[in-house]
Amino acid sequence: MVCFPFKAENAQVFLKNIKEALAHPRVGEVLGVGYEKNNCFEEIEAKLSGVERKGKKIHLMVQKRWGKKRPGKGDGMNTALDYFVNHTSFDRIHFYDADIVTFSRQWIEKGEKRLEEDYQVVRFFFPKVSTDGMITWNITRCGLAYNWPHTILPLIEQPLGGELILKREMAERLIKDPWVMNYSDWGIDTAYALAFAKYQAPLYEAYIQEGKLHKLYGRLSDLYTMLVECFVVIKESSAMPINTESTLYKKDTVEKIPSSIQEKTAFDVKETIPLLTVNWTEEEMELLNFFPSKIKEGMRSCRNNLDLHFMGPQAWYEVYEVLLEKFDQNKKAWRDLLFRLWIARVLNHTFYYASKGYEYTMKSLEDMVGYFVQRRLKEG
Ligand SMILES: Nc1nc2c(ncn2[C@@H]2O[C@H](COP(=O)(O)OP(=O)(O)O)[C@@H](O)[C@H]2O)c(=O)[nH]1
Ligand SMILES: [Mg+2]
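Everything quoted here is computed from the prediction, not taken from an experiment.

Enquirer: I'd like a rundown of the overall build of the protein, residues and numbers included.
Expert: Within the protein one finds 16 helices and eight strands. Relative to the compact-globule value of 21 Å for 380 residues, the protein shows a C-alpha radius of gyration of 21 Å, a close match. Residue burial in the protein is summarised as follows: out of 380 residues, 43% are buried.

This is how it looks when you write it as structure tokens:
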């Protein structure tokens, strides 16, 4: 079974993806789980007859309320798991984002092949734009490295990726895990990744060279909610014991990155700068006192003079440490400050690394995650 969670997507793109999935001989059913019965849902529903295929089922449904966090993509994915386990007899569920323009049945093929081996979970990864994935790198991968440096978690290429396949047994475990089902928001991808590691599920990461082209963000402010929710799940699970010493884990090796991807910029820098420099509150200023003086001074002075040299990968470690200890998701000033600190890191990366060539940039990000791992292993 193939599931596409969706909220408000381009119907043409989504319908083409449904059609593509149905065309794979092994796919018996496509499930679309919508956020609500909105225009997108109704448009898809009205046009389904155009993509139907004999002997195969298409099922559209609205997500149910499973978690206690903001109702979001997590409720959508968990609704799909429940439907898959309790209303079908298929043995694998594939998840793909509905907005992917480059989706093809070869992805399904590639993943299915690995599940014939001993793997229980297959995740897909894609060539990356050097200024994209800034939550993945600076929040999720750094957080996985900080909290679980001795496991496979820091090695996972795209832990927030919505493209993955699970065997039935894994889906059954997830829906019986109240901790996982609680993440109804953007925290879900991290929650699944942590759960798989906790279950020691054999994992394969499959590389898709064509890349995942999908709708892009305009301003980084679009990412505010996602940023906060992705950090909160890391913080809340800090004490979770995970041991993957004997877990089977492998990934495809990456060949040359297409030059079209090497040259892309993921967001509008000019529009982003004011998110860091204007509208500071007294309370945010106060909270800066928790941070080492270099960071406190740097953040304070960047309001007048945009010098972000202070927020390199190693300074980010110091920031992360304080955030894990002090961040309070119920305080707006903390959420706003988290956002600003992250913007400072993203702009540091963009100004001082991304300007020096693709390979150098990507290596600096890998090195940052490596630094988190090494430092935590050293400090025990
Ligand atoms: N069911 C459901 N799907 C969602 C929700 N929010 C986002 N999605 C879908 O999840 C997928 C990934 O979301 P997207 O906005 O593309 O995130 P990005 O790829 O990280 O930029 C898309 O197919 C969205 O339509 C939600 O609240 N409920
Ligand atoms: Mg997308």
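Enquirer: Mind laying out the domain arrangement of the protein, listing which residues take part and the relevant values?
Expert: When the domains of the protein are assigned, the result is domain 1 (2-257) and domain 2 (269-379). Computed from C-alpha coordinates alone, the two centres of domain 1 and domain 2 are separated by 28 Å. Opposite the 23 residues of domain 1 that make contact, domain 2 presents 27 residues. If one sorts the elements of the side of domain 1 that touches domain 2 by residue count, helix 5 (residues 134-147) sits on top with seven residues. Residues that form the side of domain 1 that touches domain 2 fall into these classes: 14 nonpolar, six polar and three charged.

Enquirer: Residue-level account of the sheet that holds strand 8 (residues 249-251), with values.
Expert: As summarised here, the arrangement of the eight strands in space is 3-2-1-4-6-5-7-8, forming an open sheet in which the pairing is mixed. Each edge of the open sheet carries a strand with a single partner, namely strand 3 (57-62) and strand 8. On average, adjacent strands in this sheet sit at an angle of 15 degrees to one another, irrespective of strand direction. Two elements, strand 4 (residues 92-95) and strand 6 (residues 164-167), share four bridges in a ladder whose sense is antiparallel. Its bridge partner lying in strand 6, F95 is registered against L164. Docked against the sheet, helix 6 (residues 168-175) engages strand 4, strand 5 (121-125) and strand 6, running at close to 90 degrees with respect to strand 6.

Enquirer: Could you give me a rundown of the site of ligand 1, with the residues and numbers involved?
Expert: Taken together, 16 residues surround ligand 1, and among them P5, Y35, G72, G76 and A98 come closest. Elements represented by at least two residues in the shell around ligand 1 include exactly strand 1 (2-6), strand 2 (29-34) and helix 3 (73-87). Considering only residue class, the shell around ligand 1 consists of five nonpolar, six polar and five charged.

Enquirer: Account for helix 5, with residues named and values stated.
Expert: An ideal rise of 1.5 Å per residue puts 20 Å on 14 residues; helix 5 measures up with 19 Å between its terminal C-alpha atoms. Counting buried positions along helix 5 gives 14 out of 14 residues, so the element sits mostly inside the fold.

Enquirer: How would you summarise helix 1 (residues 11-23) if you had to cite specific residues and measurements?
Expert: Between its first and last C-alpha, helix 1 extends 18 Å over 13 residues, near the 18 Å set by a 1.5 Å rise per residue. Among the residues of helix 1, those classed as buried are F14, N17, I18, E20, A21 and L22.

Enquirer: Summarise the packing of helix 14 (residues 313-326) against helix 16 (residues 358-379); cite the residues concerned and give the values.
Expert: Between helix 14 and helix 16, whose axes approach to 9 Å, the crossing angle comes to 45 degrees. With respect to their mutual orientation, helix 14 and helix 16 come out oblique. Relative to helix 16, the crossing made by helix 14 is right-handed. Contacts between helix 14 and helix 16 involve P313, Q314, W316 and Y317 on the former and, on the latter, S364, D367, M368, Y371, F372 and R375.

Enquirer: Could you give an account of the packing of helix 5 against helix 9 (residues 224-236), with specific residues and numbers?
Expert: In contact at an axis separation of 10 Å, helix 5 and helix 9 are set at 5 degrees when each is read in the N-to-C sense. The angle between helix 5 and helix 9 falls in the class roughly parallel. Between helix 5, through I135, I139, T140, G143 and N147, and helix 9, the contact on the second element is made entirely by M226, L227, C230, F231 and I234. A class-by-class count of the residues in the contact of helix 5 with helix 9 yields seven nonpolar, three polar and no charged.

Reading the values: the criteria
- Residues numbered from 1 in each chain as written.
- Chains lettered and ligands numbered in written order.
- Predicted model: local features only at pLDDT ≥ 70, side-chain atom pairs only at ≥ 80, totals over all residues.
- Helix = DSSP H or I, 4+ residues; strand = E, 2+ residues; numbered from the N terminus.
- Rg over C-alpha atoms; globule rule 2.2 N^0.38 Å.
- Buried ≥ 20, exposed ≤ 12 C-beta atoms within 10 Å, placed from the backbone.
- Domains from an automatic or database assignment.
- Contact = placed C-beta atoms within 7 Å.
- Nonpolar A, V, L, I, M, F, W, Y, C, P; charged D, E, K, R; others polar.
- Pairing = 2+ DSSP bridges.
- Axes fitted to C-alpha atoms, helices over the stretch in contact; angles between N-to-C directions.
- Near = placed C-beta within 6 Å.
- Expected span 1.5 Å × (residues − 1).
- Parallel < 35°, antiparallel > 145°, perpendicular 65-115°, else oblique.
- Left-handed = near helix turned anticlockwise from the far one by under 90°.

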